[in-house]
There are 2 protein chains.
Amino acid sequence: MESIEKLITNLNKLPGIGIKTAQRLAYHMIAMPDESITALAESILEAKRRIHFCPVCGNYTENELCEICSNPKRNSETLCVVKDARDVGFMERMREYNGKYHVLGGVLSPMDGIGPDKLRIKELVERIRTEHVKEVILATNPDVEGEATASYIAKLLKDEPVRVTRIAHGIPIGGNLEFVDEMTLFKAMENRRDMV
Amino acid sequence: MESIEKLITNLNKLPGIGIKTAQRLAYHMIAMPDESITALAESILEAKRRIHFCPVCGNYTENELCEICSNPKRNSETLCVVKDARDVGFMERMREYNGKYHVLGGVLSPMDGIGPDKLRIKELVERIRTEHVKEVILATNPDVEGEATASYIAKLLKDEPVRVTRIAHGIPIGGNLEFVDEMTLFKAMENRRDMV
């Protein structure tokens, strides 16, 4: 049965989906009612088709600007700098942060050839200057690359009239924003420290 | 972003996919190249569209009869009775069984209103008579419902001129065919015991 093997292969390519999980999912999908499986496949294609990056902050959006950038109630004097667009969603789960975001689109990684020019760092500096930002919170992951990226940006912003802070190590070292509970994230934001 | 929430909801409905995994998968899918994500969505729909149940044994197939029923090299004197079409695939991984299969489409479960008439038991009896089957191997899972179903079928076949066997308890009690390694499955088949 070629078609099920193709499906298993495709599912197996997804992160965290091993061969056994892929098999289980594939067989489950075949047994699902027609309308549920069509809804699933269509929601995959629709999300992919409709969602793009916000040209201002780099967050995911279905509109021209993202929900946060276009919300006049969000405080534009604070920018929270994160690695990925997904991290915005993880930070928002906390429901305590009322500023805006800036998505880097990655972290510095010389081994993979990712230097400052590959990240949205130039755009960050420009936003700080034009949007009269008063504080930049560096919320990259507390791993080696995340720390290096935070240090690099802190140094770069040394002479700008802006407070540069780093989220506190409430997050376990080597951890990932994705797997941290809301309370820990809140503590990490509360205990942020000045970097410059 | 409605479309990503819809996607997350749909992924979250799949077995073993919790809300965090659904989020991770959804964000990963959005970041995938167009052709990969289209291939994934299409392979889901194609598998669902092309695969149906073999009218003889109840296994999954893309053709009129399944690969096993239509293979003249398979010994039709032995029928291995399993719960689901997926179980055929798990048994086949063993590469030691050369007989044919009969899929029940479930197991007896009075609590859920599943009686013998809801399973393909009548079809099993008919096949035993018309296909001159010499041995029926009952390979339902070694859990409460699987054992009850095996006992029910064994009793039903008492007066038929057929050997009725049960796969051995090489498989851990309360376990599931899906998570058993090939060697254990092979032992379980080898040590099968007569039930009638």
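Residues numbered from 1 in each chain as written. Chains lettered and ligands numbered in written order. Predicted model: local features only at pLDDT ≥ 70, side-chain atom pairs only at ≥ 80, totals over all residues. Heavy atoms only, no water.

Even after reading the chapter, I still don't get the overall build of chain A, so can you show me in this structure?
Of regular secondary structure, chain A possesses seven helices and seven strands. Along the chain direction, N to C, the helices and strands of chain A fall in the order α-α-α-β-β-β-α-β-α-β-α-β-α-β. Taking all 196 residues of chain A together, 52% fall into the buried category. The contacts in chain A between residues at least 6 apart in sequence include a share of 57% that link residues at least 24 apart. (Helix = DSSP H or I, 4+ residues; strand = E, 2+ residues; numbered from the N terminus. Buried < 20%, exposed > 50% of the residue type's maximum accessible area, 1.4 Å probe, protein only. Contact = heavy atoms within 4.5 Å.)

Is there a simple way to explain the nonpolar core in this structure?
Note that soluble globular proteins tend to have their nonpolar side chains buried in a common cluster. Counting 42 residues, the largest nonpolar core has L11 and M29 of chain A together with L11 and M29 of chain B as its most contacted members. Setting aside its immediate chain neighbours within four residues, M29 of chain B contacts L14, I44 and K48 of chain A together with L7, L11, I37 and L40 of chain B. (Core = buried A, V, L, I, M, F, W, Y, C linked by side-chain atoms within 4.5 Å.)

Got a minute to help me understand the confidence of the model for chain A in this structure?
It should be kept in mind that the predicted coordinates are not to be read in detail where pLDDT is low. A residue-level look at chain A finds 95% of positions with pLDDT of 70 or above and a mean pLDDT of 89. Across the predicted assembly, pTM comes out at 0.70 and ipTM at 0.71. (pLDDT = per-residue confidence, 0-100.)

Can you help me understand the packing of aromatic side chains in this one?
Ring pairs (aromatic) are described by centroid distance and by the angle formed between their planes. Inspection of every chain in the model, using the stated rule, returns eight aromatic pairs over all chains. Geometrically, the ring pair formed by F53 of chain A and Y60 of chain A is stacked, given 5.3 Å between the ring centres and 20° between the ring planes. Judged by relative accessible area, which is 53%, F53 of chain A ranks as exposed. A residue is classified by how much of its surface remains accessible, and Y60 of chain A, at 6% relative accessible area, is buried. Members of the aromatic cluster, connected to one another through ring pairs, are Y27 of chain A together with F53, Y60 and F90 of chain B. (Phe/Tyr/Trp six-rings, centres within 6.5 Å; stacked < 30°, edge-to-face > 60°.)

So what exactly am I meant to see when it comes to the relation of the copies chain A and chain B here?
Between the two chain copies there is a screw-like relation: a rotation about an axis and a shift along it. In the superposition of chain A on chain B (RMSD 0.1 Å, axial shift 0.0 Å), the rotation amounts to 179°. Interpreted geometrically, this transformation is the action of a two-fold axis. Residue A41 of chain A of chain A places its C-alpha closer to the rotation axis than any other residue of that unit, at 2.5 Å. Counting the interface residues of chain A, we find that 100% of their copies in chain B are interface residues as well, pointing to one common contact surface. (Least-squares fit on C-alpha atoms with pLDDT ≥ 70 in both.)

In this structure, what is going on with helix 1 (residues 2-12) of chain A? I would like to understand it.
The periodicity of an α-helix, 3.6 residues per turn, causes residues three or four places apart in sequence to face the same way. All of the buried residues in helix 1 of chain A are S3, I4, L7, I8, N10 and L11 of chain A. Across the axial projection of helix 1 of chain A, the buried residues extend over an arc of 165°, all falling on one side. Pointing more than 90 degrees away from the buried face of helix 1 of chain A are the exposed residues E2 and E5 of chain A. Those residues of helix 1 of chain A that are buried are in contact with helix 2 (19-31) of chain A together with helix 3 (34-50) of chain B. (Arc of directions from axis to C-beta.)

What is the right way to look at helix 5 (residues 121-130) of chain B in this model?
All names here are of chain B. Listing the buried residues of helix 5 in full gives I121, L124, V125, R127 and I128. Projection of helix 5 onto a plane perpendicular to its axis shows the buried side chains occupying an angular sector of 160°, all on one side. Turned more than 90 degrees away from the buried face of helix 5, the exposed residues are K122, E126, R129 and T130. Looking at the packing, one finds that the buried side of helix 5 touches strand 3 (75-82), strand 4 (99-103), strand 5 (135-138) and helix 6 (144-156). The positive-phi residue at the C-terminal boundary of helix 5 is H132, with phi of around 50°.

Teacher, can you tell me more about the sheet that holds strand 6 (residues 163-166) of chain A here?
Pairing between sheet strands relies on hydrogen bonds along the backbone, with the strands arranged either parallel or antiparallel. All names here are of chain A. Read from one edge to the other, the open sheet built from five strands follows the order 4-3-5-6-7, with strand pairing classed as mixed. Two strands close off the open sheet at either side, each with one partner strand: strand 4 (99-103) and strand 7 (193-194). Where strand 5 (residues 135-138) lies against strand 6, four bridges are found, and the strand directions are parallel. When the sheet's bridge partners are listed, V136 is paired in strand 6 with V164. Helix-sheet contacts for helix 4 (residues 85-92) involve strand 3 (75-82) and strand 4, and the interaxial angle to strand 4 is about 155°. (Pairing = 2+ DSSP bridges. Axes fitted to C-alpha atoms, helices over the stretch in contact; angles between N-to-C directions.)

Could you clarify how one ought to interpret the pattern of salt bridges in this entry?
Here the structure, examined in full by the defined rule, presents 18 salt bridges over all chains. E147 of chain A is paired through a salt bridge with R166 of chain A; the nearest N and O atoms lie 3.3 Å apart. Of this pair, E147 of chain A sits in helix 6 (residues 144-156) while R166 of chain A sits in strand 6, and the two are 19 residues apart along the sequence. Each of the salt bridges in this network shares a partner with another, and the network as a whole consists of K6 of chain A together with E46, R50 and E62 of chain B. (Salt bridge = Lys/Arg side-chain N within 4 Å of Asp/Glu carboxyl O.)

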